[in-house]
Amino acid sequence: MTEQHREIDVLLDEKRTFEPPAAFAEAAHVADRGPYDEAARDREGYWEAWARQLDWFQPWREVLEWNPPFSKWFVGGALNAAHNCLDRHLEARGSALALLWEGEPGDRRTYTYRELHEEVCRFANALRGLGVGKGDRVAIYLPMIPEAAIAMLACARIGAPHSVVFGGFSPQSLRDRIEDAGARCVITADGGYRRGAIIPLKASTDAAIEGLDYVSSVVVVCRSAATDPEAAPYGDAVETPSCDMIEGRDHRYHDLIADASPECPAERMDAEDLLFILYTSGTTGKPKGVMHSTGGYMTQVTATTKWVFDLGEDDIYWCTADVGWVTGHSYIVYGPLSNGATVLMYEGSPDWPDRGRFWTLCESYGVTVFYTAPTAIRAFMRWGDHWPAGYDLSKLRLLGTVGEPINPEAWIWYHENIGGTRCPIVDTWWQTETGGIMITPLPGAITTKPGTATVPFPGIEAAILNEEGNPAESGYLAITSPWPGMLRGVWGDEERYRETYWSKWPGIYFPGDGARVDEDGYYWIMGRVDDVLNVAGHRIGTMEVESALVDHTAVAEAAVVGRSDEIKGQAVAAFVSVVEGVRTSEELRQELRAHVVTKIGAIARPADLIFAAELPKTRSGKIMRRLLRDVAEGRALGDTTTLADPAVVRSLQRQFAGSES
Ligand code: PRX
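Just so we're clear, the structure is a prediction, and the values are computed from it rather than from any experiment.

### Observations concerning the sheet that holds strand E19 (residues 398–402)
Okay, so step 1: Taken in spatial order, the seven strands make up an open sheet running E5-E4-E17-E16-E18-E19-E20, and their pairing is mixed. Lying at the two open borders of the sheet, with one neighbouring strand each, are strand E5 (108–112) and strand E20 (425–428). In this sheet, neighbouring strand axes are inclined to one another by 15° on average, regardless of whether the strands run parallel or antiparallel.
Okay, so step 2: Here helix H7 (residues 146–158) sits on the sheet in contact with strand E4 (97–102), E5 and strand E17 (342–346), set at roughly 30° to E5.
Okay, so step 3: Set on the sheet, helix H16 (residues 408–418) makes contact with strand E18 (369–372), E19 and E20; between it and E19 the angle comes to about 150°.

Okay, here's the thing in structure tokens:
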């Protein structure tokens, strides 16, 4: 039993609950739990009503076509995602603020809906001018600057599916994703800021695409353009590196848009046309390209943003995720902008120039709705109550969390120290694959309990099942009917789609998480049950890290497991045996950790790296990861009877204890 499980047991016993504040009961239109009943009675009719809130160029013939495991939503309908995020609001909210942005050095920019529309149209035309058309994949490798959202929307406008790659990924990871998607255009920047340092994204892009001749154009955003260097109070100067431009291939973003027309008709997209691909880690070595369509995805993110975050015209909404992850796609760009909301976007680190930066931002922009990850909350807790206490956070009215189970202690801290005990907390469970939020309280309707994401959103049907597919109190989380935002496949690999998500029980989606249900029907998510780690809210496949390690010439064999980490939830622990003749040393340990960073990115860097003369295996030669997890957690070993050589694991235990001291 992990620490998290123990804490949940205590809380279930205590039955600590938080009633929804009365202000929300009125505001959210959900006080009588009506939508839950309505959706249960007529799920398709309920989703259809949400879809009607979007602008369609052509209405659908049929709400759902379900040929498990393939679904089509709003069949025959035509729409455009960027049109729904921008043009739809021009009349009523053209001069309202769409985007407020602050860079890490403190430089600022704002865009009204009209300004954002114009910039997106210009860039969409520029992309068309580079030969990018409907169906062409475009890779986006940008820091958290407005152009990240602009690039996504420009792609959506011309029907070119984007594949956003997190700026912290290595050139190798970027290359893998460009190759897999066959992207011929890459959008990047000369640099971006993180904890005072400049991340040289263009140089990484050059390394990533070396020799990939089909990449015919690279657009480079100059990070410091349109910024007044005087107005950068937290950085010496807003200066990004000069970068080499390759004639004919590389284009400066600002030159392109200066020459482009501000009028750009939005491409008519079928409801099922691909909106984007987003790569995520799974149980094999290679990340998979999760595919999302236009109509169903837009319907679900619009609905969930509206009800879960209760967004209104006066709200200042801030989601701290990076657009490189699905949270940034659904709840920085598509969901909030489809609702005509005002979104704050911040480029940098929460501890730059000091640990009060997030609260400075909340205070100075008057943030009302704040959405972040448990890892961040645990870091804030460790930094001390005095940081948030020093700021005026009284405008906040709703808090959210996402990405990993939140331990009840962190939930209570968040409630008291950030929410001033008045803000409801929405703990939202969902995944890259689900497109939008699936399990969550609705503020105003659902009593919350620290540590549980509570109940499925209206129109989402879930269950907890055992291996055989029978309902259980504790077992695997399952989604039992199709939902509009569900992934439509894995790019280029239909078999992997069937195998990963639909092979456990026929016609039922398996997300890969363990869960329990309590007497109120609340879902308590216990974390992954497969070989995927969740480090600081980021998914990392153990096989991916193992492949990176064995890629090093000194490594013969590697096994990677997760161990609990007080701040990050989980940390990567690697066990490595070296090839004969190689001497293990502290230098080699550091070299191997750095090698993983070079291959994947800093998020995958092993926290522990233990050299093993041999890895513990069964007599049939299978690595016993269960025992490695016991070693990494520093706990007593489970059943060792099938182990070929018990001495192997004892020696690892001794080494691990030694490496920690
Ligand atoms: O294990 C669950 C965990 O994050 C996984 C999905 O990761 P990703 O696709 O990267 O998307 C993260 C942002 C949506 C899930 O399988 N997870 C996400 N949210 C929660 C969570 N675990 C517990 N509680 C949550 N609220």
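So that's the structure; there's more coming.
### What about a negative patch on the surface?
Okay, so step 1: Residues Asp37, Glu38, Asp42, Glu44 and Glu62 make up a contiguous surface patch of negative charge.
Okay, so step 2: Assignment of secondary structure puts Glu44 in helix H4 (residues 43–51).
Okay, so step 3: The partly exposed category is assigned to Glu44, whose relative accessible area is 31%.

### Thoughts on the site of the ligand
Okay, so step 1: Lining the immediate environment of the ligand, one finds 17 residues, of which Asp427, Thr428, Thr432, Asp513 and Arg528 sit closest.
Okay, so step 2: One nitrogen or oxygen atom from the main chain of Glu404 is found 3.4 Å from a nitrogen atom belonging to the ligand.
Okay, so step 3: Side-chain polar atom of Asp427 to a nitrogen atom of the ligand: 2.7 Å apart, as the coordinates give it.
Okay, so step 4: When the free accessible area of the ligand is taken as 540 Å², the share hidden by the protein chains comes to 96%.
Okay, so step 5: Listed by contribution, the elements that provide at least two residues to the shell around the ligand are helix H12 (326–338), E20 and strand E25 (523–528).
Okay, so step 6: Looking at the shell around the ligand, its residues break down into six nonpolar, six polar and five charged.
Okay, so step 7: Of the domains in this structure, domain 1 (13–17 + 25–427) and domain 2 (462–528) are the two that each give at least three residues to the shell around the ligand.

### Quick look at the sheet that holds strand E12 (residues 250–252)
Okay, so step 1: In space, the eight strands of this open sheet follow the order E12-E11-E8-E6-E7-E14-E15-E23, with mixed pairing throughout. With one partner strand each, in any of the chains shown, E12 and strand E23 (489–490) form the two edges of the open sheet.
Okay, so step 2: Here strand E11 (residues 217–221) pairs with E12 via three bridges, running parallel. Each bridged residue has a counterpart across the sheet, and for Val220 the counterpart in E12 is Arg252.

### Let's talk about the packing of aromatic side chains
Okay, so step 1: Here the structure, examined in full by the defined rule, presents 42 aromatic pairs.
Okay, so step 2: The interplanar angle of 70° and the centroid separation of 5.0 Å between the aromatic rings of Tyr46 and Trp47 together place this pair among those described as edge-to-face. Each member of the pair, Tyr46 as well as Trp47, carries the same accessibility label: buried.
Okay, so step 3: For the ring pair Trp505 and Phe510, a centre distance of 5.6 Å and an interplane angle of 85° mean the geometry is edge-to-face. For the residue pair Trp505 and Phe510, the accessibility class agrees, reading buried in each case.
Okay, so step 4: Joined through ring pairs, the aromatic side chains of Trp66, Phe70, Trp483, Tyr497, Tyr501, Trp502 and Tyr509 make up one cluster.
Okay, so step 5: Cation over ring: Lys449 sits above Tyr522, and NZ or CZ is 4.4 Å from the ring centre.

### Quick word on the nonpolar core
Okay, so step 1: With 120 residues, the main nonpolar core has Leu116, Phe123, Leu153, Ile187, Phe309 and Tyr334 as its most contacted residues.
Okay, so step 2: With ten residues, H7 is the largest single contributor of residues to this core.
Okay, so step 3: Both of domain 1 (13–17 + 25–427) and domain 2 (462–528) provide at least three residues apiece to this core.
Okay, so step 4: Ignoring sequence-local partners within four residues, the contact set of Ile187 consists of Phe123, Leu127, Val138, Ala139, Ile140, Tyr141, Leu142, Ala151 and Val219.
Okay, so step 5: Core analysis: the next-biggest nonpolar cluster, separate from the first, contains 37 residues, Phe169, Ala183, Leu212 and Leu549 among them.

### Comments concerning the packing of helix H18 (residues 542–550) against helix H19 (residues 586–599)
Okay, so step 1: At a closest axis distance of 9 Å, the pairing of H18 and H19 adopts a crossing angle of 115°. For the crossing formed where H18 meets H19, the hand is right-handed. Together, Val545, Ala548 and Leu549 of H18 and Leu592, His595, Val596 and Lys599 of H19 make up the contact between the two elements.
Okay, so step 2: A class-by-class count of the residues in the contact of H18 with H19 yields five nonpolar, one polar and one charged.

### Comments concerning the domain arrangement of the chain
Okay, so step 1: We note that the domain assignment places domain 1 (13–17 + 25–427), domain 2 (462–528) and domain 3 (532–658) within the chain.
Okay, so step 2: Summarising the inter-unit geometry, the C-alpha centres of domain 1 and domain 2 are found 26 Å apart.
Okay, so step 3: Taken together, the contact between domain 1 and domain 2 spans 30 residues of the former and 23 residues of the latter.
Okay, so step 4: When domain 1 packs against domain 2, the two sides together hide about 2300 Å² of surface, and 61% of this comes from carbon and sulfur.
Okay, so step 5: For domain 1, the biggest contributors to the area lost against domain 2 are Pro69, Lys288 and Met291; these three give 26% of the whole.

### Description of the pattern of salt bridges
Okay, so step 1: Scanning the entire structure with this criterion turns up 38 salt bridges.
Okay, so step 2: Residue Arg108 is joined to Glu102 by a salt bridge in which the shortest nitrogen-to-oxygen separation is 3.0 Å.
Okay, so step 3: Residue Glu102 is classed as buried on the basis of its relative accessible area of 3%.
Okay, so step 4: We note a salt bridge from Arg635 to Asp630, for which the minimum N-O separation is 2.8 Å.
Okay, so step 5: Connected through shared salt-bridge partners, Lys202, Asp206, Arg249 and Asp250 make up one network.

Scoring rules and cut-offs
Numbering of residues starts from 1 in each chain and follows the order in which that chain's sequence is written. Local features in this predicted model are restricted to residues whose pLDDT is 70 or higher, and side-chain atom pairs enter the listing and the counts only when it is 80 or higher, whereas totals over whole chains, interfaces and linings include all residues. Hydrogens are left out, water is left out, and the side-chain values use all remaining heavy atoms of the structure. Here a strand pair is declared whenever DSSP counts at least two bridges between the two strands. Helix and strand assignments follow DSSP, with helices taken as H or I runs no shorter than four residues and strands as E runs no shorter than two, numbered in order from the N terminus. An axis is simply a line fitted to the C-alpha atoms; with a helix, the fit covers only the stretch in contact. Between two such axes, the angle follows the N-to-C directions and lies from 0 to 180 degrees. Throughout, a contact is declared for two residues whenever any of their heavy atoms are within 4.5 Å. Nonpolar side chains (Val, Leu, Ile, Met, Phe, Trp, Tyr) are joined into patches within 5 Å and like charges within 9 Å, using only residues with over 30% relative accessible area and no salt bridge. Surface accessibility in these figures is a Shrake-Rupley result with a 1.4 Å probe; residues are shielded only by whichever protein chains are displayed. A pair is scored as a salt bridge if a Lys or Arg side-chain nitrogen falls within 4 Å of a carboxyl oxygen belonging to Asp or Glu. In this tally, Lys and Arg are treated as positive and Asp and Glu as negative; His is ignored, and so are the chain termini. Note on charges: their place is set at NZ of Lys, CZ of Arg, CG of Asp or CD of Glu. For the exposure calls, accessible area comes from a 1.4 Å probe over protein chains only, and a residue counts as buried if that area is under 20% of its type's maximum, exposed if over 50%, partly exposed in between. A single heavy atom is enough: if one lies within 4 Å of a molecule or strand, its residue is considered near that molecule or strand. Polar contact is defined as a pair of N or O atoms within 3.5 Å, subject to the rule that within protein one atom must be able to donate a hydrogen and the other to accept it, and that residues adjacent in sequence are counted only when both atoms are side-chain atoms. Note on residue classes: Ala, Val, Leu, Ile, Met, Phe, Trp, Tyr, Cys and Pro are nonpolar, Asp, Glu, Lys and Arg are charged, and everything else, Gly too, is polar. Where a domain begins and ends is set by an automatic assignment or by a domain database. A pair of Phe, Tyr and Trp rings is counted when the ring centres sit within 6.5 Å of each other, with Trp represented by its six-membered ring. The angle between the planes then sorts it: under 30 degrees is stacked, over 60 is edge-to-face, the rest tilted. Placement of a charge over a ring requires the Lys NZ or Arg CZ to be within 6 Å of the ring centre, with the centre-to-atom vector within 35 degrees of the ring normal. Note on terminology: a nonpolar core comprises buried Ala, Val, Leu, Ile, Met, Phe, Trp, Tyr and Cys residues joined through side-chain atoms within 4.5 Å. Two helices crossing with the near one rotated counterclockwise from the far one by less than a right angle form a left-handed crossing, whereas a clockwise rotation gives a right-handed crossing. Note on terms: buried area is the combined drop in 1.4 Å-probe accessible area of two parts once they are placed together, counting the loss on both.

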